[in-house]
Amino acid sequence: STGSSGINAEYGGQVLLHKRYNYTCVVTGWDERCSEGHEVDALPREQPFYHVLADNESPRYVAQESLVPCRGEVVHAHLGKYFELFDGERFVPNTALRSIYRYLK
């Protein structure tokens, strides 16, 4: 489904920009709302939250309202754990990621 920010939760591999911290990242998974045990900075928990790999940094858990789609590529040591390749627009999920999120393309 597509949220108000235009991020499509069924489309793993999308490259995004964090609006506040200005880093690019790629979606590796999501929750329809903030899952228990995650710390969030005064953001509404009743919105999609995304597991992302931030450019040259550690994995992060980010609220949908903090992200906007962008063009570009992400450099991260663990990309191969989730994706087969970058097709010029998005990262193509590998078999392992598609087995978790069965409706990924």
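In the block above lies the structure referred to throughout.
So, here's what we can say about the structure. Everything quoted here is computed from the prediction, not taken from an experiment.

## Thoughts on the pattern of salt bridges
What the rule picks out here adds up to three salt bridges. Salt-bridge contacts for Glu57 lead to Arg60; the nearest nitrogen and oxygen are separated by 2.0 Å. Judged by relative accessible area, Glu57 falls into the partly exposed class, the value being 38%. Note on Arg60: relative accessible area 28%, which makes it partly exposed. Here Arg98 and Glu84 are joined by a salt bridge, their closest N and O atoms 3.4 Å apart. Here Glu84 lies in strand S6 (residues 83-86) and Arg98 lies in helix H2 (residues 95-100), a separation of 14 residues in the sequence. Looking at Glu84, the relative accessible area reads 46%, which means it is partly exposed.

## Description of the side chain of Ser66
In this fold, Ser66 is placed in the loop between strand S4 (59-63) and strand S5 (67-69). Classification of Ser66 by relative accessible area gives buried; the value is 12%. Ser66 has contacts with Leu17, His18, Lys19 and Leu43, leaving out every residue within four places of it along the chain.

## A closer look at the sheet that holds strand S3 (residues 49-54)
Spatially, S4-S3-S2-S1-S5 is the arrangement adopted by the five strands of the open sheet, whose pairing is antiparallel. Pairing within the sheet leaves two strands with one partner each, and these edge strands are S4 and S5. Taken over all neighbouring pairs, the strand axes of this sheet differ in orientation by 50° on average, direction set aside.

Rules used throughout
Residues numbered from 1 in each chain as written. Predicted model: local features only at pLDDT ≥ 70, side-chain atom pairs only at ≥ 80, totals over all residues. Heavy atoms only, no water. Salt bridge = Lys/Arg side-chain N within 4 Å of Asp/Glu carboxyl O. Buried < 20%, exposed > 50% of the residue type's maximum accessible area, 1.4 Å probe, protein only. Helix = DSSP H or I, 4+ residues; strand = E, 2+ residues; numbered from the N terminus. Contact = heavy atoms within 4.5 Å. Pairing = 2+ DSSP bridges. Axes fitted to C-alpha atoms, helices over the stretch in contact; angles between N-to-C directions.

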